Amino acid sequence: MKIILILGNKLLPSGKMTKILKERLDSGIKHYKKNDIFLVSGGNIANVSHTEAYVMKKYILSKLPYAEIISESKSLSTKENIQYSKNILKDYKCKVLLVTSSNHLKRVRKLVKGLDWELTS
């Protein structure tokens, strides 16, 4: 079992996902194995009707209806994504796979330095 942590990306003014966010979600789904848990992280930066985490959870459930998903919906930046997710993950003793975009990996790698998390895009 592992936790698949997927970082959010600002929603479009319509409240729909960006291509970047959809790619992150599809990558996370691709890494999913039975009994894994998703952690979706993202607040409401765009001031639309839903948080990034809500839209992400809805998308994953449309592909994997029985997936277990934890939502972190307070974060408004990458730094907060990591901080709030780290607080949630302290209660779990398993491998963490963090999913983001390839152009975001360098920044994220600095923020998770010292954590035993695997990163992918």
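Attention here is on the structure that accompanies the text. Everything numeric here is computed off the predicted structure, so don't read it as measured data.

## What about the packing of aromatic side chains?
Then comes step 1: Scanning the entire structure with this criterion turns up 1 aromatic pair.
Then comes step 2: For the cation-ring pair, Lys74 lies above Tyr84, with the distance from its terminal atom to the ring centre recorded as 4.8 Å.

## Some thoughts on unusual backbone geometry
Then comes step 1: The phi dihedral of Asn35 falls on the positive side, at around 80°, and the residue is not glycine.
Then comes step 2: Considering the arrangement of structural elements, one finds Asn35 in the loop between helix H1 (19–30) and strand S2 (37–41).
Then comes step 3: Residues other than glycine seldom take positive phi values, yet Asn47 does so here, at roughly 50°.
Then comes step 4: With respect to the secondary-structure elements, Asn47 resides in the loop between S2 and helix H2 (52–63).

## Quick notes on the pattern of salt bridges
Then comes step 1: On inspection of all chains with the given rule, the structure shows 4 salt bridges.
Then comes step 2: Two residues, Lys95 and Glu118, come together in a salt bridge whose shortest N-O distance is 3.1 Å. In this pair, Lys95 is assigned in strand S4 (residues 95–99) and Glu118 in strand S5 (residues 117–120), connecting sequence segments 23 residues apart.
Then comes step 3: Owing to a relative accessible area of 47%, Lys95 belongs among the partly exposed residues under this scheme.
Then comes step 4: Look at Glu118 and you get partly exposed, because its relative accessible area is 39%.

## Some details on the environment of Lys57
Then comes step 1: Note that Lys57 resides in helix H2.
Then comes step 2: A relative accessible area of 33% means that Lys57 is categorised as partly exposed.
Then comes step 3: Sequence-wise, Lys57 and Lys113 are 56 residues apart; in three dimensions their C-alpha atoms are separated by 27 Å.
Then comes step 4: When sequence neighbours within four positions are dropped, the list of residues in contact with Lys57 reads Val40, Ile69 and Ser71.

The rules behind each value
- Residues numbered from 1 in each chain as written.
- Predicted model: local features only at pLDDT ≥ 70, side-chain atom pairs only at ≥ 80, totals over all residues.
- Heavy atoms only, no water.
- Phe/Tyr/Trp six-rings, centres within 6.5 Å; stacked < 30°, edge-to-face > 60°.
- Lys NZ or Arg CZ within 6 Å of the ring centre and 35° of its normal.
- Helix = DSSP H or I, 4+ residues; strand = E, 2+ residues; numbered from the N terminus.
- Salt bridge = Lys/Arg side-chain N within 4 Å of Asp/Glu carboxyl O.
- Buried < 20%, exposed > 50% of the residue type's maximum accessible area, 1.4 Å probe, protein only.
- Contact = heavy atoms within 4.5 Å.

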